[in-house]
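# Chains, contacts and geometry: an overview
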Amino acid sequence: MPSNSTKILLLTTLVSGVLVAVSSNSWFGAWMGLEVNLMSFIPLMSNTKNMYNTEASLKYFIVQVLASATLLFMVVMKTLAEDLFSLSFMETSYTPMIICTPLMLKSGAAPFHWWFPGVMEGLSWENCGLLMTIQKAAPLMLMSYLIEINVFTSSIILTSTIMGAIGGLNQTSMRKIMTYSSINHTGWMLAALITGDNLWLTYFMIYSTLVLTVLSAIKLSSVSFINQTLLTNKEAMLTKFMMFTSLLSLGGLPPFLGFLPKWIVIQEMVANKMMPMATIMVITSLITLYYYLKISYSSFMILGEEPKWNLQSHKNKTAKKVSAMIMSSISLTGMLMCSIMAGMI
C-alpha cells in the first residue's frame, strides 16, 4: 500500500487521466487518458502484504490492457477506412458498436462483467469505491459520443440489468452484492445515455454519492459479510441504520434519493416509446431491492436479537461517523428536497 503522499499523487494523476480522456478531441488522446488512469490505479490497488490485493490488481491490469489494446486496434484499423481520429459521426453503422465493446469491458457492463466480482472481492473498501465510481466515468463519457438505440445496445442494457439483479441473489459477501448492484446500475446508466445527453451525468453523480455513503457506513461497522450485520451491538445502532437506509436508497426505494434518477430515466424511456425495456428494468430493480431488504429486514425488526458481547470498538471514530451521517442524511432527504425545489419552480 503506498504512503499518503504517494496516494495523493496517484489520485491526482488518476483524476487527470479521466479529464484527459473526456476532454480529448481525438480517439488517440482519449486512449492515452484511459492509459494514464489505468497506470495510476494499479499502484493504488496493489499491496505487498496482502495476497488478495495483488491478485485483484493483476486481474484488473490484464482485463484493462486487453480492453485498451482492443480499443487502439479498432481505432487504428477503422482510421484506414474513415476519419476516426476525430470524434465526429461515424460513416458506417457498425463502427459505434465495435468501438463501444472495449469501453463496455472497461466499465464492467454485462456480458463483459466476468472480471468485476473477482477484482472487487480482493480490494479494500476505498478502492472498491474508486472502481465503482471514478473508473466508470471515462468509458461512459466516451460511449456517450457514439451510443445509439439499436439491438446491440438494447441487449447490453437488458443483460446488465438482469445479470446485476440475478447475480446478487445468492451472495453473502457485501463486496459481491455491491458489485452486482453496480452492474445493474451500469445498465440503467447506459439506458440514460441513449435517452438523453446529460441525463446519465445526473444519474452518475447521484449513484456515486449513494455508493460512497454505503461504503462509508460499511467501513465504519467493519462488515464484509451479511451475517456480520447481525453482530453489530446496540451501541452502533445509528451506524446500522445509516448503512441499511443507504442500501435501500441505492436500490431505488421511494422516497429516498436513489429513486429520483430511476424515475427520470423511466419517464424518458416512456417518452421514447421504450415501454417493454423499461418494464424489464423496473422488475430487475425490484429484484435488487429484494436482496437489499433481505439484508436489512432482520435488523429493522423491533424484536431482533443482538449480542451483548460484540468486541468491535466504535470509539474514536467520531469524524468518520459525522461524515457518514451527513452523507446518509443527503441520501434520505435528497428526494424530498428535490420535490420541494421542483414545486417552488
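Residues numbered from 1 in each chain as written. Predicted model: local features only at pLDDT ≥ 70, side-chain atom pairs only at ≥ 80, totals over all residues. Heavy atoms only, no water.

## Considerations on the UniProt feature "transmembrane region" (unreviewed entry) in the protein
Basically, it comes down to this: UniProt positions are given in the numbering used here, feature names are shortened, and annotations may be inferred rather than shown by experiment. Helix numbering and strand numbering both begin at the N terminus, where a helix is a DSSP run of H or I of at least 4 residues and a strand a DSSP run of E of at least 2.
In the numbering adopted here, UniProt assigns the feature "transmembrane region" (unreviewed entry) to residues 60-81, 142-165, 200-220, 241-264, 276-293 and 322-344. The span residues 142-165 is 75% helix and 0% strand, and its two end C-alpha atoms sit 26 Å from each other. Taken end to end, residues 200-220 is 100% helix and 0% strand, and its two terminal C-alpha atoms sit 30 Å from one another.

## Focus on helix α9 (residues 174-195)
Because the α-helix completes a turn every 3.6 residues, residues three or four places apart line up on one side. For the record, the criterion: One less than the residue count of a helix, multiplied by 1.5 Å, gives the span that helix is expected to have. For each residue, the accessible area found with a 1.4 Å probe, counting protein chains only, is set against the maximum for its type, and the residue is called buried under 20%, exposed over 50%, and partly exposed in between.
The terminal C-alpha atoms of α9, which comprises 22 residues, lie 32 Å apart, in line with the 32 Å expected from a rise of 1.5 Å per residue. Judged by how many residues are buried, α9 sits mostly within the fold: 21 of 22 residues are covered.

## Examining empty space enclosed by the protein
This is how the line gets drawn: Both site types are read off a 1 Å grid over the protein atoms alone. A 1.4 Å probe that fits but cannot get out defines a cavity, while an open set with protein on both sides within 12 Å along at least five of seven lines defines a pocket; lining residues have an atom within 4 Å of a point. Grid points are joined across faces, edges and corners, and a volume is the space filled by probe spheres set on the points.
For the coordinates displayed, the defined rule picks out three cavities of 30 Å³ or more. Of the voids in this model, the largest cavity is the one considered here, and its volume is about 60 Å³. Around the largest cavity, the lining residues are Leu-34, Asn-37, Leu-38, Tyr-60, Gln-64, Lys-106, Gln-135 and Pro-139. Sorting the residues of the lining of the largest cavity by element identifies α2 (27-45), α3 (51-79) and α7 (134-144) as the ones contributing at least two each. The leading source of residues in the lining of the largest cavity is α2, at three residues.

## Digging into the environment of Met-39
Mapping Met-39 onto the fold places it in helix α2. Note: C-alpha distance between Met-39 and Gly-17 (22 residues apart in sequence) is 9.2 Å.

## Concerning the pattern of salt bridges
The cut-off we apply is this: Criterion for a salt bridge: a side-chain nitrogen of Lys or Arg within 4 Å of a carboxyl oxygen of Asp or Glu.
Going through the model one piece at a time under the given rule, you end up with two salt bridges. Glu-55 is paired through a salt bridge with Lys-59; the nearest N and O atoms lie 3.4 Å apart. Of this pair, Glu-55 and Lys-59 both sit in helix α3, separated by four residues, roughly a single helical turn. Judged by its relative accessible area of 38%, Glu-55 is partly exposed.

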